[in-house]
Structure formats: structure tokens, C-alpha cells
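Analysis of the macromolecular model
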Amino acid sequence: MMMSRRGNAFLLLIISLQQILSCRGGGCSPSSCGKISNIKHPFRLKDDPANCGDQRYELSCENNRTVLYLFPGKSYGVEAINYNNFTIRLVDPGISENDCSTLPRYSLSRSNFSDSYEFSQIP
């Protein structure tokens, strides 16, 4: 039985939509590592399929703990990802939980991030 033109167009639409969604992370299942159980676009774990998440936001899973390598040689533990308000909560590995005398290993400022703006640039 031959498929009608309308049927062919519908099939082509479904295939195209599937490709678009998979390229945008829509066809990817959320990943998990340790207490972070919903890692999804734009984030990804190193071992996720190449089309899942953005490689600029790649996370690692080390000893069942989610880790972000923000700068060469500098890693931060991921405490939480909030997709509703677009935030990620990181902890410096030098900070010990329940120990007020520990100091961070790394310091961060606005200049560490390429998308930051100087206050003088904001109207």
C-alpha cells in the first residue's frame, strides 16, 4: 500500500521534530550523581551522549559526588542545581562542613567570568 503525500509529509515532520528535540537536549534522560539527581540541559555529565547538554557546562561524577571544573586545576563540589531560577550552588573543596575555621582554596570575583559586566556598563 502506498503512502499518501499527506502521510509522507506527516512522517517527515515527525522525523524532523525528533531531530530538533534531540539536538536541544529534548531526547535526553536526566543524569544523576550523588545527591544531584536531575542533571539536564544545559548541564551534562562527562559520560552523557554527545547531543545531551552543553559541553561548556560539563560536570564530572567522582566518588559519587558531582564536581564542576571551573578553571584548570580548580574544582568545586555541586551542592544544588535550580532550573527555576537558573542557579547552581557550588562549594569550595577547602571548606569543611561544620568547621568554621576552614578557608576556601580558591577565590572568585566577577573578573573570573567572561559574561560579567562592569557596573559602569549597566545603564
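Here, every reference points to the structure presented above.
Numbering of residues starts from 1 in every chain and runs along the sequence as written. Side-chain atom pairs in this predicted model are given and counted only at pLDDT of 80 or more, local residue features only at pLDDT of at least 70, and totals for whole chains, interfaces and linings cover all residues. Side-chain metrics rest on all non-hydrogen atoms present in the structure, leaving aside hydrogens and water.

A short note on the nonpolar core
Rule in force here: To form a nonpolar core, buried Ala, Val, Leu, Ile, Met, Phe, Trp, Tyr and Cys residues must be joined to one another through side-chain atoms within 4.5 Å. Three labels apply to residues, based on accessible area from a 1.4 Å probe with only protein chains included: buried if under 20% of the type maximum, exposed if over 50%, partly exposed otherwise in between. Secondary structure elements follow DSSP: runs of H or I no shorter than four residues count as helices, runs of E no shorter than two count as strands, and numbering proceeds from the N terminus.
In terms of nonpolar packing, the biggest core is built from nine residues, these being Cys 33, Ile 36, Ile 39, Phe 43, Leu 45, Leu 59, Leu 68, Val 78 and Ile 81. When contributions to this core are tallied by element, the ones reaching two or more residues are β2 (36–39) and β6 (74–82).

Observations regarding the environment of Ser 60
What counts here: Contacts are assigned to residue pairs with any non-hydrogen atoms lying within 4.5 Å of each other.
Position of Ser 60 relative to the elements: it lies in strand β4 (residues 58–62). By relative accessible area, Ser 60 is classed as buried at 5%. Spatially, the C-alpha atom of Ser 60 lies 9.7 Å from that of Val 78, the residues being 18 residues apart in sequence. Non-local contacts of Ser 60, meaning those with residues more than four positions away in its chain, are made with Leu 45, Lys 46, Arg 65, Thr 66, Val 67 and Tyr 69.

A short note on the environment of Ser 37
Relative to the helices and strands, Ser 37 is located in strand β2. A relative accessible area of 55% means that Ser 37 is categorised as exposed. Once the C-alpha coordinates of Ser 37 and Ala 80 are considered, the two residues, 43 residues apart in sequence, prove to be 9.5 Å apart. Setting aside chain neighbours within four positions, we find Ser 37 in contact with Ser 31 and Ser 32.

A look at the state of the cysteines
Stated formally: What counts as a disulfide here is a pair of cysteine sulfur atoms lying within 2.5 Å.
Evaluation of the coordinates by the stated rule reveals two disulfides. A sulfur-sulfur separation of 2.0 Å characterises the disulfide bridge that pairs Cys 28 with Cys 52. In this structure, the disulfide formed by Cys 28 and Cys 52 twists by about -90° around the S-S bond and is classed as left-handed. With Cys 28 in the loop between α1 (5–23) and β1 (31–33) and Cys 52 in the loop between β3 (44–45) and β4, this pair connects stretches of sequence that are 24 residues apart. Exposure class is identical for Cys 28 and Cys 52. Each is buried. Each disulfide pairs two cysteine sulfurs, and for Cys 33 the partner residue is Cys 61, the sulfurs being separated by 2.0 Å. Between Cys 33 and Cys 61 the sulfur-sulfur dihedral comes to about 85°; the bridge is accordingly right-handed. With Cys 33 in strand β1 and Cys 61 in strand β4, the pair connects residues that are 28 residues apart, well separated along the chain. Here Cys 33 falls in the buried class, since its relative accessible area comes to 1%. Taken in N- to C-terminal order, the disulfide-linked cysteines of the protein are connected 1-3, 2-4.

Points about the packing of aromatic side chains
To be explicit about the condition: Within 6.5 Å between ring centres, the rings of Phe, Tyr and Trp (the latter by its six-membered ring) count as paired, and their orientation is classed by plane angle as stacked under 30 degrees, edge-to-face over 60, tilted in between.
Scanning all chains against the criterion turns up two aromatic pairs. Taken together, a centroid distance of 6.0 Å and an interplanar angle of 75° make the contact between Phe 43 and Tyr 57 edge-to-face. Residue Phe 43 is located in the loop between β2 and β3, and its partner Tyr 57 is located in the loop between β3 and β4; the two are separated by 14 residues in the primary sequence. A relative accessible area of 14% places Phe 43 in the buried class. Taking 6.3 Å as the distance between ring centres and 70° as the angle between the ring planes, the aromatic pair formed by Phe 43 and Tyr 83 counts as edge-to-face. In this pair, Phe 43 is assigned in the loop between β2 and β3 and Tyr 83 in the loop between β6 and β7 (87–91), connecting sequence segments 40 residues apart. An aromatic cluster is defined as three or more aromatic residues linked by ring pairs; in this entry it consists of Phe 43, Tyr 57 and Tyr 83.

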